[in-house]
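One-letter residues, chain by chain:
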Amino acid sequence: MTKPLSEVTPNSWSFLRDAMIRPTGFREYDARWKYPEEINLPGMTALGLGLGTQMHRRGIAPVIAVGNDYRDYSLAIKNALILGLMQAGIQVKDIGPALSPMAYFAQFHLDVPAVAMVTASHNPNGWTGVKMGFDRPLTHGPDEMAELRDIVLNGEGVARPDGSYEFVDGVKEAYIDDLVGDFRMSRPLKVVCATGNGTASAFAPEIFARMGVEIVPSHNELDYTFPNYNPNPEAMEMLHDMADTVKASGADFALGFDGDGDRCGVVDDEGEEIFADKVGVIMARDLSKLFPGSTFVADVKSTGLFAADPELQKHGAKADYWKTGHSHMKRRVKEIGALAGFEKSGHYFLAEPIGRGYDCGMRVAVEICKLMDRNPEMSMSDLRKALPRTWSTPTMSPYAADTEKYAILERLVEKLVAKHAAGDSFAGRAIKEVVTVNGARVILDNGSWGLVRASSNTPNLVVVCESSESEAEMRAIFAEIDAVIRTEPAVGDYDQTI
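No experiment lies behind these values; they were computed from the predicted model shown.

What follows covers the side chain of S392. Residue placement: S392 occurs in strand β16 (residues 391-392). The exposure class assigned to S392 is buried, which follows from its relative accessible area of 17%.

Turning our eyes to something else, we now look at the sheet that holds β16. An order of β16-β21-β20-β19-β18-β17 is seen for the 6 strands of this open sheet, with the pairing classed as antiparallel. Two strands close off the open sheet at either side, each with one partner strand: β16 and β17 (425-426). Relative to strand β21 (residues 461-467), strand β20 (residues 449-454) is paired through 6 bridges, and the arrangement is antiparallel. Along β21, the bridge assignment pairs W449 with E466. Against the sheet, helix α16 (residues 471-485) makes contact with β16, β17, β18 (429-435), β19 (440-444), β20 and β21, and its axis sits at roughly 150° relative to β21, the strand it touches most.

According to the stated counting rule, one finds 11 aromatic pairs in the structure shown. Measuring from ring centre to ring centre gives 5.8 Å for F105 and Y175, while their planes differ by 50°; the resulting arrangement is tilted. On the criterion of sequence distance, the pair formed by F105 in helix α4 (residues 100-109) and Y175 in helix α6 (residues 171-180) is long-range, its members being 70 residues apart. Each member of the pair, F105 together with Y175, is buried. Ring geometry for Y175 against F203: centres 5.9 Å apart, planes inclined by 75°, an arrangement best described as edge-to-face. Of the two residues, Y175 is situated in helix α6 and F203 in the loop between β7 (190-194) and α7 (204-211); the sequence distance between them amounts to 28 residues. Considered together, Y175 and F203 belong to a single accessibility category, that of buried residues. Three or more aromatic residues link up through ring pairs in this structure, and these residues are F296, F306, F342 and Y348.

Below, the discussion takes up the pattern of salt bridges. Per the counting criterion, the structure on display carries 41 salt bridges. One salt bridge in this structure joins R22 and E7, with 3.1 Å as the shortest N-O distance. Of this pair, R22 sits in the loop between α1 (13-17) and β1 (31-34) while E7 sits in the segment before α1, and the two are 15 residues apart along the sequence. Given a relative accessible area of 22%, R22 falls into the partly exposed group.

On to the sheet that holds strand β15 (residues 348-350). Judged by pairing direction, the sheet is mixed, and its 4 strands sit side by side in the order β13-β12-β14-β15 without closing on themselves. One side of each edge strand has no neighbouring strand; the edge strands of this open sheet are β13 (318-322) and β15. In this sheet, adjacent strand axes meet at a mean angle of 20° when their direction is disregarded. Inspection of the sheet shows strand β12 (residues 295-299) paired to β13 by 5 bridges, in the parallel sense. When the bridges of β13 are listed, F296 appears paired with A319. Packing against the sheet, helix α9 (residues 276-290) makes contact with β12, β14 (340-342) and β15, and its axis sits at approximately 20° to β15.

Examined against the element boundaries, S455 turns out to sit in the loop between β20 and β21. Polar side-chain contacts of S455 include one of 3.1 Å to the side chain of T458. Setting aside chain neighbours within four positions, we find S455 in contact with K405, Y406, N460, L461 and V462.

Counting through the fold element by element, N79 comes out in helix α3 (residues 74-87). Considered as a pair, N79 and I274 are 195 residues apart in the sequence and their alpha carbons are 39 Å apart.

Criteria and thresholds
- Residues numbered from 1 in each chain as written.
- Predicted model: local features only at pLDDT ≥ 70, side-chain atom pairs only at ≥ 80, totals over all residues.
- Heavy atoms only, no water.
- Helix = DSSP H or I, 4+ residues; strand = E, 2+ residues; numbered from the N terminus.
- Buried < 20%, exposed > 50% of the residue type's maximum accessible area, 1.4 Å probe, protein only.
- Pairing = 2+ DSSP bridges.
- Contact = heavy atoms within 4.5 Å.
- Axes fitted to C-alpha atoms, helices over the stretch in contact; angles between N-to-C directions.
- Phe/Tyr/Trp six-rings, centres within 6.5 Å; stacked < 30°, edge-to-face > 60°.
- Salt bridge = Lys/Arg side-chain N within 4 Å of Asp/Glu carboxyl O.
- Polar contact = N/O pair within 3.5 Å; in protein donor to acceptor, adjacent residues only side chain to side chain.

Pasting the structure below:
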């Protein structure tokens, strides 16, 4: 295998023949590129050969489940990837168009060790990528991604005999069966089902209908041009659309799913968006009654309530704050035997006996419906209001180039740690500690906090702040964090701000 080029001129002989892969596409826990500017089809074939070679190097049985999301170029990209996998001597089980969690499920259902899911996740059209894993229910983390990057970019892929291809039908039906089983609602429930015309449109309405949930459809027609908005339940545009539909229809709540169905967003009956970490606390409260003494993992962007909530403490629940990112979270949940993991971005990791440990927006939808069934006297807004009050920002992402963001972050962490060491006040309060497991989470003496970290998926930093006191304090924490960020001239504008 020759080394891929990092740059090839589009609309040229070379572009259709030579592998081109931009190195920055190898992220911490998956791979993402703009297509065709940053990777071409021969580049995807080189990636497949590299992934197959990595399987052989690690002694993984040479069988892999492969799926693709619903975008107009995903099938071509998947086929190019499959060519490379077969070239590496891998037996490919193609499950067709799928959600990422359906591909993870296929590893269990087909009893295969490896998975490769062609998806741009919640990124806008023009992006593509691959989520992959060898040790179910885990996906590649930084070590595996670094190894794969080196194999691919150094041209170390090895062609082997015995590669094969098989299209496997019926996985979608088995996946839905696994999610719902024989559960049926005993209370009436009316839910806005928001899929933003993405891949979840082919799944969510059917899953709700099977549980006996009445749905209010919201952009449930498959359309890979995404004519209404990019399906991303962390984006205010989608959440506001969900809120408007709840108010217009009188629904009990809205559930929204991202482009590959591994995330879920919630809007309650009053049209209030409930950020995923707060939904996590609501779910943890319910689950800790069923499973007292459970451990819940939360990412560093999440609310401090996992540790501070009196209800969780009453049932012996333990909180573990960990690195943001679906691979980091999955691994942590498995490592420490947690019942569930909750990530601010809407990835939920429900382990045995509830789920299989991977992030699945559809599983979350089913479990929220079950939670509502167990609490028939409660509305979603009742559950929200029962939580201790905090004020938190949405996830805000200022621009920082992929090639510079980690160096910028390192300097920002140093500056924030230095503030703590110097005994500086922060938003008018003392700094209790700075957690540096993933960026810097500056925790104040009253439990309020502000976080800055680097995005693993896009050329951005990520900022989140939460106050246990007031909106004014939340804004003051953001102003403090932002003032430190603005000492770095290479950081650009925010995607959204408060």
